[in-house]
Amino acid sequence: MACNVTHLKLFQYLDGELSEEQRSELESHLASCRDCRHLADLERSFHQTYLAPLRPDPAPERVREQVARLLDALPDQQPRSAGWRRPSAVGLLVGLAFVLFGGVLWLSLQRPWHATNAPLIRLAEASVEQHQKLARGVLPHDITHGTPKAVEQWFKGRLDFNVSLPELTRDDLTFLGGRISHLRDLDVAALHYRVEGKDVSLFIIPLERYQKLGLGESPKFKMVTHQGYDVIVWSSHGAAYSLVSEIGDRSCLVCHSREEKLDFPTDSRVHDKL
Amino acid sequence: MDQKVEFQALTLRNLDSMYGYAHILTRNDSEADDLLQETLLRAFRAFGSYKRHLSFKVWLFKIMKNAFIDRERRLRVRPVEEEWKGDEGLPKGLTKELFLYAVPLDPEEILLRRLTIEEVREAIRRLPAVMREVVELREIEELSYQDIAVIIAKPIGTVMSRLYRGRNLLRSALQESATGRAKPRSSYGL
C-alpha cells in the first residue's frame, strides 16, 4: 500500500471501519514506513489524550426528576393503540368478523348513533392521551401568555388552518398555555386551561379532517367518557374541537358563559370502555 | 423481565447520552427537555417492536431524530443542514474525495500544548450543528459510521465527509486556542 493511500485510509483504520483485508494491508505498510507510522502514532495519541476521555455531559438534576416522573407514570402495559398500525392477517379477520357482527347487530337493534362510532372513540382516546401529557407537564407550552389574538397569531403560519380561540371572559378561567400538538397523525392547536382547579385541554382540529371522520352533525356536542375524562367533540364556525376535562360539561365554560343554554341530549353520551 | 421495568432501566442507563443528543439537535434547554420526553413516550409505545440484539441507544437516537424532524416540520422551521458545496476552493490536484478522507491536520502542535478536556469539549460544542452532531456521535458516543448513517438518515459518505470537516474544524479551533494561529494546516502541507 502506498503512503497516499495509507493517509486516505488512516481515519477509517483508527475508527475501526476498515475491512479485515484492508486493515491487514495498512498495518503491513505501517510496519515498513516510518513516516506513516509516526502519523498514525500522533493520531492515536491525539485521540487518547483529547477524545477518549470525553463522556456525555450528565443530564441536569431537573431532567432526571422529570424523566423519573415520566417513567413512573408509564402504564404497566404498553398502550394497545400506538397509532393506526397495519393490522395482521389474523387481526384483520377478527376485525372483519366484529365489523360484520356489529353491522348486523346495529341493523337489527337500530341503536343510537354512537354504537359504531369508532372514529369518535379514537379521537377521544388520542385527546385524552395528549391532555394527560399537557396536564403532567410532559408537553411544555410553546406559548404561555398573550391575548387570544396574539395566541392565534402565534399559530398562524405554523398550522395549515386558521385557529380561532374562544374569548376568555370569566374570572374562574385561566389560560395556562398552548402548543402545536397532534392527535394521532393530525396536527392540531392545543390549548391548556384551568377551570375550577382542574386541567382542561382544548384541541382545535381542521374542519376538513374532522369531516372525514364522518361523525355527522347531530347531536352537535358529542360527549365521550374515557379513562375517567370527559371528552366533548363538536364543530363550529369552520373548525372542529375536542375538549378534555374531568368536570363534564362544566368545561364548556371555556367557550360559553354560565347563562347560555347548551343542548346536551342524554343519548349523545358514550361511556367508552377502552 | 417486565417491559416497563426493562424500558426504565435501559432509559436511565442512556439518559446522559439522550439528553446530550437532544441538546445537540435543539440547542436549547427547554426544547431539549421537550424532545427528550416526546422521544421517551414514542419509544415506549414502540418498545414492543424493539429488537433486543440492536443497540438501544441507536434505536432511541433514531426515534429522537425523527421526533425532532417532525417537530421542526410542525413549527415550520427549516432544519439546520449544510451540504458539501462542491470542489471550488480546493487546492489544485486535490479532489473532493481525497480531501474528505485525508487526515486533516497534524495534531503534534496541539498535543504539545496540553489542552484541558473542557477546552476540547467547548470546541466541540462550538462546531456547526451538522458537524457537531456527527463528531459527538462518533467521538463521544463511539458509534460506528453505519449507526450514525442510520440515525441521521444519510449515506455513509455523508457521515464521513461531515466527520472529516468536523474534525478539521475542531483541530483548527484547538490549534487556534493553543497557539493563537487561526489558519488550519493539513498533513499534506497545504
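Cut-offs applied
Residues numbered from 1 in each chain as written. Chains lettered and ligands numbered in written order. Predicted model: local features only at pLDDT ≥ 70, side-chain atom pairs only at ≥ 80, totals over all residues. Pairing = 2+ DSSP bridges. Helix = DSSP H or I, 4+ residues; strand = E, 2+ residues; numbered from the N terminus. Core = buried A, V, L, I, M, F, W, Y, C linked by C-beta atoms within 7 Å. Buried ≥ 20, exposed ≤ 12 C-beta atoms within 10 Å, placed from the backbone. Domains from an automatic or database assignment. Contact = placed C-beta atoms within 7 Å. pLDDT = per-residue confidence, 0-100. Axes fitted to C-alpha atoms, helices over the stretch in contact; angles between N-to-C directions. Parallel < 35°, antiparallel > 145°, perpendicular 65-115°, else oblique. Left-handed = near helix turned anticlockwise from the far one by under 90°.

Asker: Quick question: what am I supposed to make of the pairing of strand E2 (residues 186-195) of chain A here?
Answerer: The side chains of a regular strand alternate, residue by residue, between the two faces of the sheet. All names here are of chain A. With ten bridges connecting them, strand E1 (residues 173-183) and E2 associate as antiparallel partners. The residue bridging Gly177 from the neighbouring strand is His192, located in E2. Connecting E1 to the next strand, E2, in antiparallel fashion are two residues, including Arg184 with a positive phi near 55 degrees. Pairing geometry for E2 and strand E3 (residues 198-206), over seven bridges, is antiparallel. Counted as the bridge partner of His192 is Ser201 from E3.

Asker: Could you clarify how one ought to interpret the environment of Ile121(A) in this entry?
Answerer: In this fold, Ile121(A) is placed in helix H6 (residues 118-136). Measuring from C-alpha to C-alpha, the distance between Ile121(A) and Val224(A) comes to 7.3 Å, with 103 residues separating the pair along the chain.

Asker: Would you take a moment to explain the nonpolar core for this structure?
Answerer: Soluble globular proteins tend to bury their nonpolar side chains together. Within the largest apolar cluster, 48 residues are counted, with the highest numbers of intra-cluster contacts made by Met18(B), Tyr19(B), Ala22(B), Leu35(B), Leu36(B), Met64(B) and Leu170(B). Here this core spans two domains, and each of domain 1 (3-74) and domain 2 (96-179) of chain B adds at least three residues to it. Leave out the neighbours within four places in its chain, and Ala22(B) touches Ala32(B), Leu35(B), Leu36(B) and Met64(B). Listed in part, the 38 residues of the second largest apolar core include Ala189(A), Tyr193(A), Ala240(A) and Cys252(A).

Asker: Teacher, can you tell me more about the confidence of the model for chain A here?
Answerer: Low pLDDT marks regions whose predicted coordinates should not be analysed in detail. Residues and elements named next belong to chain A. Here chain A averages 77 in pLDDT, while 74% of its residues score no lower than 70. When the elements of chain A are averaged for pLDDT, strand E7 (residues 269-271) gives the smallest value, 47, and helix H2 (residues 20-32) the largest, 92. Long-range and interchain partners of residues 108-116, a stretch whose pLDDT sits below 50, account for eight contacts in this model, where long-range means more than four residues apart. A low-confidence stretch, residues 265-274 stays under pLDDT 50, and its non-local contacts, those more than four residues away or across chains, total 20 contacts.

Asker: Even after reading the chapter, I still don't get the packing of helix H8 (residues 129-140) of chain B against helix H9 (residues 145-152) of chain B, so can you show me in this structure?
Answerer: Think of two packed helices as two axes; the pair is described by the angle between the axes and how far apart they sit. Residues and elements named next belong to chain B. For the pair H8 and H9, the least separation of the axes is 10 Å and the interaxial angle reads 140 degrees. As the angle between them shows, H8 and H9 are arranged oblique. Relative to H9, the crossing made by H8 is right-handed. On H9, the residues touching Glu133, Val134, Leu137 and Arg138 of H8 are Ile148, Ile151 and Ile152.

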